[in-house]
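Fold and geometry: a report
What follows is each chain in one-letter form.
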Amino acid sequence: MPELLAPTVRLHAAWLEAHDEWGPGLHEDGFGLRSTDEVRSAEGFAAWVTRLADQSDPATPLDAARVPCTYRWIVEDDRVLGGIALRHELNDYLLRVAGHIGYGIRPSARRRGLATWALGRILAEARALGLGRVLLVCEAGNVASSRTIERCGGVLEGILDSDFGPARRYWVTL
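Conventions used here
- Residues numbered from 1 in each chain as written.
- Predicted model: local features only at pLDDT ≥ 70, side-chain atom pairs only at ≥ 80, totals over all residues.
- Heavy atoms only, no water.
- Core = buried A, V, L, I, M, F, W, Y, C linked by side-chain atoms within 4.5 Å.
- Buried < 20%, exposed > 50% of the residue type's maximum accessible area, 1.4 Å probe, protein only.
- Helix = DSSP H or I, 4+ residues; strand = E, 2+ residues; numbered from the N terminus.
- Contact = heavy atoms within 4.5 Å.
- Phe/Tyr/Trp six-rings, centres within 6.5 Å; stacked < 30°, edge-to-face > 60°.
- Lys NZ or Arg CZ within 6 Å of the ring centre and 35° of its normal.

1. Some thoughts on the nonpolar core
Counting 25 residues, the largest nonpolar core has Ile 74, Ile 84, Ile 101, Tyr 103, Leu 119, Val 134 and Leu 136 as the members making the most contacts within it. Put simply, the parts of the chain that give this core at least two residues each are strand E3 (79-87), strand E4 (101-105), helix H4 (114-128), strand E5 (133-139) and strand E7 (165-173). Broken down by element, the residue count for this core peaks at 8 residues, all from H4. Residues contacting Ile 101, with those up to four places away along its chain left out, are Ile 84, Ala 85, Leu 86, Arg 87, Leu 119, Ile 122, Leu 123, Val 134, Leu 135 and Leu 136.

Pasting the structure below:
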């Protein structure tokens with residue numbers, strides 16, 4: 001049975017296995033990975049996990065481009081299957097491009113309903129934060145993500161051009 005866990009250094013090797021499966025790049029949505037994060041060494045990984053934990057604490061000061069964000073890993077039997085991030089608010093960039101929630105499932109764990117399961121649970125966390133509705137954005141051609149969002153109550157606002165190409169914008173009322 002999968003669970004949503006806060007990022008932890010205990011799962012360093014399991015996270016690296018998932019990261020390697022995705023291949024080169026920073027496209028693992030839901031993990032909060034930046035190009036400056038060094039995650040291979042134990043020290044670098046620990047620093048990254050600490051940054052993620054700090055970003056989830058609204059009392060922690062953040063640089064102007066960041067908003068408080070809760071990160072969760074989708075884990076089953078100590079295997080990292082994906083990640084999901086809940087941004088507590090939207091700035092101009094997030095409103096235009098990324099929305100409140102981003103998620104990703106490693107290739108070998110797809111088509112099992114994990115994204116729908118994780119999104120349903122993170123929507124409950126959004127409700128607990130007092131959010132009345134949340135924005136989710138996915139690439140226009142990402143049929144799997146569109147279906148996941150729609151299964152969880154997403155209502156299509158429209159398809160707009162974004163910094164990364166055409167994107168479907170959905171709102172979920174909580």
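2. Structural notes on the environment of Gly 30
As for its placement among the helices and strands, Gly 30 is situated in the loop between helix H1 (12-22) and helix H2 (42-56). Sequence-wise, Gly 30 and Arg 147 are 117 residues apart; in three dimensions their C-alpha atoms are separated by 18 Å. The residues contacting Gly 30, other than those within four sequence positions of it, are Tyr 71, Arg 72, Gly 83, Ile 84, Ala 85, Gly 102 and Tyr 103.

3. A short note on the packing of aromatic side chains
Inspection of the entire model under this criterion finds 8 aromatic pairs. With 5.8 Å between their ring centres and 55 degrees between their planes, Trp 15 and Phe 45 make a pair best called tilted. Taken together, the residues Trp 15 in helix H1 and Phe 45 in helix H2 connect sequence positions 30 residues apart. Per residue, the accessibility class of Trp 15 equals that of Phe 45, and both read buried. Considering the side-chain rings of Phe 31 and Trp 73, the 6.2 Å spacing of their centres and the 65 degrees angle between planes classify their relative orientation as edge-to-face. Pair noted here: Phe 31 is in the loop between H1 and H2 and Trp 73 is in strand E2 (residues 69-76), with a separation of 42 residues, a long-range link. The pair formed by Phe 31 and Trp 73 is uniform in burial state, with each residue classed as buried. Sitting over the face of the ring of Trp 171, Arg 133 holds its NZ or CZ atom 3.7 Å from the ring centroid.

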